[in-house]
Amino acid sequence: MGMSYRRYLAGARVYGCSSCHTHLATIHSMVSRAFNGQHGRAYLFDDVVNVLEGEPNDRQMTTGNHTVRDIYCCKCHTILGWKYDKAYEPSQKYKEGKFILERNLLVDVQ
């Protein structure tokens, strides 16, 4: 297996992993702050970097049934949130392909 390279982000506000400070997303890719995760407040992002995706599984959430994948930091393997693969409720389809990062598992890198 070859060496893996991490992406570094620039911008007014960069969110990183609270364990190792690996860059994950910028404030410009944030869609919403009105989400809750397993550890409290969570943010919805269009795009994140430097994460590994787990296997898909179905979860019953407050907004209905979704197929999601847990996402992990590529450096320290801390679980950070999840990615929405499929939403079964028509009103929730906008979440498909987007990512939830839990606020308590993030730090401001810049």
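Source: prediction; values computed, not measured. (Residues numbered from 1 in each chain as written. Predicted model: local features only at pLDDT ≥ 70, side-chain atom pairs only at ≥ 80, totals over all residues. Heavy atoms only, no water.)

A word on the overall build of the protein chain. Helix and strand counts for the protein chain stand at 0 helices and 10 strands. Scanning the protein chain from its N terminus toward the C terminus, one meets helices and strands in the order β-β-β-β-β-β-β-β-β-β. For the protein chain, whose C-alpha radius of gyration is 14 Å, the value lies close to the compact-globule estimate of 13 Å for 110 residues. The buried share of the protein chain, taken over its 110 residues, is 43%. Counting contacts in the protein chain only where the partners sit at least 6 residues apart, residues at least 24 apart contribute 45% of the total. Of the roughly 6100 Å² of accessible surface on the protein chain, 49% is carried by carbon and sulfur atoms. Between the averaged position of the 14 positive side-chain charges in the protein chain and that of its 11 negative side-chain charges there is a distance of 6 Å. (Helix = DSSP H or I, 4+ residues; strand = E, 2+ residues; numbered from the N terminus. Rg over C-alpha atoms; globule rule 2.2 N^0.38 Å. Buried < 20%, exposed > 50% of the residue type's maximum accessible area, 1.4 Å probe, protein only. Contact = heavy atoms within 4.5 Å. Areas by Shrake-Rupley, 256 points an atom, 1.4 Å probe, with all protein chains shown as cover. Lys, Arg positive; Asp, Glu negative; His and termini not counted. Charge placed at Lys NZ, Arg CZ, Asp CG, Glu CD.)

Turning next to the UniProt feature "domain: Yippee" (unreviewed entry) in the protein chain. With numbering aligned to this structure, UniProt lists the feature "domain: Yippee" (unreviewed entry) at residues 13-110. Within the segment residues 13-110, helix and strand shares are 0% and 57% respectively, and the terminal C-alpha atoms sit 5 Å apart. (UniProt positions renumbered as here; feature names shortened; annotations may be inferred.)

Once that is clear, we can look at the side chain of Lys83. Position of Lys83 relative to the elements: it lies in strand β8 (residues 79-87). Looking at Lys83, its side chain comes within polar contact range of the side chain of Glu53, at 3.4 Å. In this view, Lys83 contacts Glu53, Thr67, Val68, Arg69, Ile71, Gly97, Lys98 and Phe99; residues no more than four positions away in its chain are not counted. (Polar contact = N/O pair within 3.5 Å; in protein donor to acceptor, adjacent residues only side chain to side chain.)

On to the environment of Leu44. Examined against the element boundaries, Leu44 turns out to sit in strand β4 (residues 40-45). Separated by 13 residues in sequence, Leu44 and Asn57 have C-alpha atoms that sit 19 Å apart. Ignoring sequence-local partners within four residues, the contact set of Leu44 consists of Ser29, Met30, Val31, Ser32, Phe35, Tyr84, Tyr94, Lys98, Phe99 and Ile100.

What follows deals with the pattern of salt bridges. Here the structure, examined in full by the defined rule, presents 8 salt bridges. Ionic pairing is found between Lys93 and Glu96, a salt bridge with its closest N-O pair at 3.3 Å. Given the relative accessible area of 30%, Glu96 is considered partly exposed. Arg103 serves as the salt-bridge partner of Asp108, at 3.8 Å between the closest nitrogen and oxygen. Judged by relative accessible area, Asp108 falls into the partly exposed class, the value being 37%. When salt bridges that share partners are traced, they join Glu53, Arg69, Lys83 and Asp85 into one network. (Salt bridge = Lys/Arg side-chain N within 4 Å of Asp/Glu carboxyl O.)

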